[in-house]
Amino acid sequence: MTFRKHWISGKVVSSEGYSVKPVGGTTLLYQDENNCLYVGADRLGPNSWAIFAEDMRKGSEHGRQLHDDRLRALVVERIREVMEFLGGSLEM
């Protein structure tokens, strides 16, 4: 798996077809071909975040709460991979 970073937007795109992008200092936007999820988070440093896995919302920061635990675990793992690529860390 490889990643590339869009330096202006901060978006990181995976060769597996998903992306992660910071939205302000309190949200990460995760997207793949089937999902657009806003993940509640706090920025801890340049490439380090604490995420609130229970706070994933569909379509917008105020959208419906995600209740699929399997998808939630996949999103957390993929965000962790992106943070490792950036040389940062992910806290839960």
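For the structure, see preceding data.
Okay, so let's go over this structure. Bear in mind the structure is a predicted one, so any value in this text is a computation, not a measurement.

1. A short note on the sheet that holds strand β5 (residues 36–45)
Pairing between the strands of a sheet comes from backbone hydrogen bonds, and it takes one of two forms, parallel or antiparallel.
Here's step 1: Pairing is mixed across the open sheet formed by seven strands, whose spatial order is β1-β2-β3-β4-β5-β6-β7. If you trace the sheet from one side to the other, it starts and ends with β1 (3–5) and β7 (89–91), each paired once. Between one strand axis and the next, the sheet turns through 30 degrees on average, direction left out of account.
Here's step 2: Along the sheet face, helix α1 (residues 69–85) touches β1, β2 (12–14), β3 (19–23), β4 (27–31), β5, β6 (48–58) and β7 and points at about 150 degrees away from the line of β6.

2. Focus: the nonpolar core
Here's step 1: With 21 residues, the main nonpolar core has L28, V39, I51, V75 and I79 as its most contacted residues.
Here's step 2: Elements with a contribution of two residues or more to this core: β4, β5, β6 and α1.
Here's step 3: Not counting the four nearest positions on each side in its chain, L28 is found in contact with V20, K21, P22, L37, Y38, V39, A41, W49, I51, I79 and M83.

3. Here's the deal with the environment of N35
Here's step 1: Within the fold, N35 resides in the loop between β4 and β5.
Here's step 2: Taking C-alpha positions, N35 is 13 Å from R70, a pair spaced 35 residues apart along the chain.
Here's step 3: With residues up to four places along the chain from it excluded, the contact list for N35 reads Y30 and L71.

4. Brief notes about the pattern of salt bridges
Here's step 1: Summed over all chains, the structure comprises four salt bridges.
Here's step 2: We note a salt bridge from R78 to D32, for which the minimum N-O separation is 3.9 Å. With a gap of 46 residues between them, R78 in helix α1 and D32 in the loop between β4 and β5 connect regions that are remote in the sequence.
Here's step 3: Put simply, R57 and D55 hold a salt bridge, and the shortest N to O gap is 3.2 Å.
Here's step 4: Of the residues examined, R57 reaches a relative accessible area of 25% and is grouped as partly exposed.
Here's step 5: Since its relative accessible area comes to 27%, D55 is described here as partly exposed.
Here's step 6: Counted as one network, the salt bridges with shared partners bring together E16, D32 and R78.

Thresholds, definitions, all that
Residues numbered from 1 in each chain as written. Predicted model: local features only at pLDDT ≥ 70, side-chain atom pairs only at ≥ 80, totals over all residues. Heavy atoms only, no water. Pairing = 2+ DSSP bridges. Helix = DSSP H or I, 4+ residues; strand = E, 2+ residues; numbered from the N terminus. Axes fitted to C-alpha atoms, helices over the stretch in contact; angles between N-to-C directions. Contact = heavy atoms within 4.5 Å. Core = buried A, V, L, I, M, F, W, Y, C linked by side-chain atoms within 4.5 Å. Buried < 20%, exposed > 50% of the residue type's maximum accessible area, 1.4 Å probe, protein only. Salt bridge = Lys/Arg side-chain N within 4 Å of Asp/Glu carboxyl O.

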